[in-house]
Amino acid sequence: MKVRSDIRDYVALRGDECELIDRARAFSEKWVRPNARTWDERRQPGLPRELVTAWAESGLLAASVAKEHGGSGASFAAKIGMVEVLARDCFGASFSLCNVQNGPARILRDGNAEHARRYLDELKSGRMVLCPCLTEPKSGSDFASMATSARKVDGGWLVNGRKAWITNAAIAQLGVVYAQTDPQARGRGIGAFLVHLQRPGAKVGAPYELATGSIMGVAGIDLTDYFVEEADLFVPPGEAFRKALGSINSARTYVAAMCLGMVGEALDIALAYGRERVTFGQPIVEHQGLRWSLADVATELEAARLLTYRAAKLIDERKDAVMAAAMAKKYAVEMAGRCLPACLQAMGGVGLRSEHPIARHILAARIAGFVDGTTEIQNDRIGRQLIDG
Ligand SMILES: Cc1cc2nc3c(=O)[nH]c(=O)nc-3n(C[C@H](O)[C@H](O)[C@H](O)COP(=O)(O)OP(=O)(O)OC[C@H]3O[C@@H](n4cnc5c(N)ncnc54)[C@H](O)[C@@H]3O)c2cc1C
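Cut-offs used in this document
Residues numbered from 1 in each chain as written. Predicted model: local features only at pLDDT ≥ 70, side-chain atom pairs only at ≥ 80, totals over all residues. Heavy atoms only, no water. Near = heavy atom within 4 Å. Polar contact = N/O pair within 3.5 Å; in protein donor to acceptor, adjacent residues only side chain to side chain. Areas by Shrake-Rupley, 256 points an atom, 1.4 Å probe, with all protein chains shown as cover. Helix = DSSP H or I, 4+ residues; strand = E, 2+ residues; numbered from the N terminus. Nonpolar A, V, L, I, M, F, W, Y, C, P; charged D, E, K, R; others polar. 1 Å grid on protein atoms, 1.4 Å probe; cavity = no way out; pocket = protein on both sides within 12 Å on 5 of 7 lines; lining within 4 Å. Points joined across faces, edges and corners; volume = space filled by probe spheres on them. Salt bridge = Lys/Arg side-chain N within 4 Å of Asp/Glu carboxyl O. Expected span 1.5 Å × (residues − 1). Bend = angle between axes of the 7 residues up to and from the residue. Buried < 20%, exposed > 50% of the residue type's maximum accessible area, 1.4 Å probe, protein only. Contact = heavy atoms within 4.5 Å. Core = buried A, V, L, I, M, F, W, Y, C linked by side-chain atoms within 4.5 Å.

1. Some remarks on the site of the ligand
The full set close to the ligand counts 16 residues, and T135, S141, W165, T374 and E376 are the nearest of them. Within the backbone of P132, an N or O atom sits 3.2 Å from a nitrogen atom of the ligand. Backbone polar atom of W165 to a nitrogen atom of the ligand: 2.9 Å apart, as the coordinates give it. For the ligand, the accessible surface in isolation is 960 Å², of which the surrounding protein chains cover 65%. Among the secondary structure elements, those contributing two or more residues to the shell around the ligand are β1 (130–133) and β3 (156–166). When the residues that make up the shell around the ligand are grouped by side-chain class, the tally is ten nonpolar, five polar and one charged.

Shown next, in the form of structure tokens:
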């Protein structure tokens, strides 16, 4: 097993897809690695504009978009490779850029031809950023219980409510806001609406101050009699909840891949340090106790890779990936929770110094355990599949 391996060692990718992963690595080395520490220390409130522009200009933003719409037409596995290399340097930037990149793909997947005509070019160029808004102050895991309402009026809809914990809210121009049109209908009553965040009736709050991940630009959004014209009804009630659930397997597999990136990087750093650092007359990796601890990390990382890449393969093959994605996310998050502290431990106090990303990654792994369904919710998914088949 190569420590610095990625999905290309496990899944056959086209040459241009491999090149996308290399380009993502080069982008990260130029834009993310040198800045990640300062972003956290200074609480950078969301991705800097020039970084989003550079992501678009490097052709990476349109990776998700089919070739006939001017993108790269990359497979899901290739995009997994991209987020994994970015997360080696910064989970928050990887998650945020992944969301930015999913914007144009979401318009094509869930919207109609008119939505694509109005928004695709803006989103592909990074001039416009789109953020999906499901969570609310009183509904997270149980998102069908959302209180944000959409009421039919002449020529459109009036949306009222409050969204919370929205990644990229601080930099986005457009939100896909999920809102209830018929509280009795629960999930079936939910519709998705395109909301222009700078228009009257929409107000983005101050970015949250987080222990790590300020670069994700997470904030709340208040909607007060926000008028959605009919053309901006994105997914009609009855279909929106199903479509939101339809994309959740990919979202979970992305997060699992980000955990692989963080642990892969931490293991590389711990090994390099352990070969140099001498105690009791020999490099610390020559002490069996330490070597075995890193062997455990490598083994767990490999197991998480196999689960994650398998989920990615199923998604590319359009096969049922519910169980595979839930298992990949649950295992990768828990693996990161165990393995990142083990890598830090192997470095002694030096591991805590902020020039190393490991302590930052440890906190980020906690974020990974919340976004796109908590670990408990993954357990619930896996358990349900076991019982219901
Ligand atoms: C940094 C960050 C970025 C985010 N970005 C976005 C975003 O872009 N868009 C968006 O819509 N949301 C976003 N979220 C919200 C995220 O999806 C929610 O945090 C997540 O769904 C959990 O909701 P909650 O935090 O309200 O926890 P709750 O749902 O209140 O859960 C609290 C605890 O109870 C447990 N729990 C809940 N129900 C059950 C159950 N049935 N069985 C067992 N345990 C249960 C949970 O696992 C958790 O441990 C983000 C969150 C974070 C932290």
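On we go from here.
2. Regarding empty space enclosed by the protein
For the structure on display, the rule yields two cavities of 30 Å³ or more. Estimated volume of the largest cavity: approximately 70 Å³. In terms of lining, the largest cavity is formed by D40, C90, F91, G92, T212, G213, I215, R360, H361, A364 and I367. Elements that contribute at least two residues to the lining of the largest cavity include exactly α5 (91–110) and α11 (358–368). The element that contributes the greatest number of residues to the lining of the largest cavity is α11, accounting for four residues.

3. Section: unusual backbone geometry
A positive phi angle, near 50 degrees, is found at R43, a position not held by glycine. Looking at the secondary structure, you find R43 in the loop between α2 (36–41) and α3 (49–57). Unusually for a residue other than glycine, W165 sits at a positive phi of about 60 degrees. Structurally, W165 is set in strand β3.

4. Side note on the pattern of salt bridges
As a working rule, side chains carrying opposite charge can pair if their charged atoms are close by. As enumerated under the stated definition, the model contains 32 salt bridges in all. When the shortest N-O distance is used, the salt bridge between D16 and K67 registers 4.0 Å. You can see D16 sitting in helix α1 (residues 15–32) and its partner K67 sitting in the loop between α3 and α4 (76–89), a full 51 residues away along the chain. Between E229 and R199 there is a salt bridge, with the nearest N and O atoms lying 3.9 Å from each other. Within this pair, whereas E229 is found in strand β7 (residues 219–229), its partner R199 is found in the loop between β5 (190–196) and β6 (202–204), the two being separated by 30 residues in sequence. Counted as one network, the salt bridges with shared partners bring together R33, R88, D89, E265 and D268.

5. What about helix α6 (residues 113–125)?
Over its 13 residues, α6 extends 18 Å from the first C-alpha to the last, a length consistent with the 18 Å expected when each residue adds 1.5 Å. For α6, the principal kink sits at Y119 and spans about 50 degrees. Within α6 the residues assigned to the buried category are H115, A116, Y119, L120, L123 and K124. As for α6, its buried residues are in contact with α3, α5, β1, β4 (174–180), β5 and β8 (233–235).

6. Re the side chain of S72
Residue position: S72 is located in the loop between α3 and α4. Residue S72 is classed as buried on the basis of its relative accessible area, which comes to 18%. Those residues in contact with S72, other than ones at most four positions away along the chain, are R14, D16, L20, G59, A62, A63, V65 and K67.

7. Some remarks on the nonpolar core
Ranked by internal contacts, the top residues of the largest apolar core, which has 109 residues, are I7, F27, L47 and F91. Ranked by the residues each element gives to this core, the list is headed by helix α8 (residues 248–276), at 15 residues. Beyond its immediate chain neighbours, meaning those up to four positions away, I7 contacts L13, I21, A77, I80, G81, E84, Y309 and A312. Residues L130, V176, Y178 and A192 belong to the second largest nonpolar core, which totals 18 residues.

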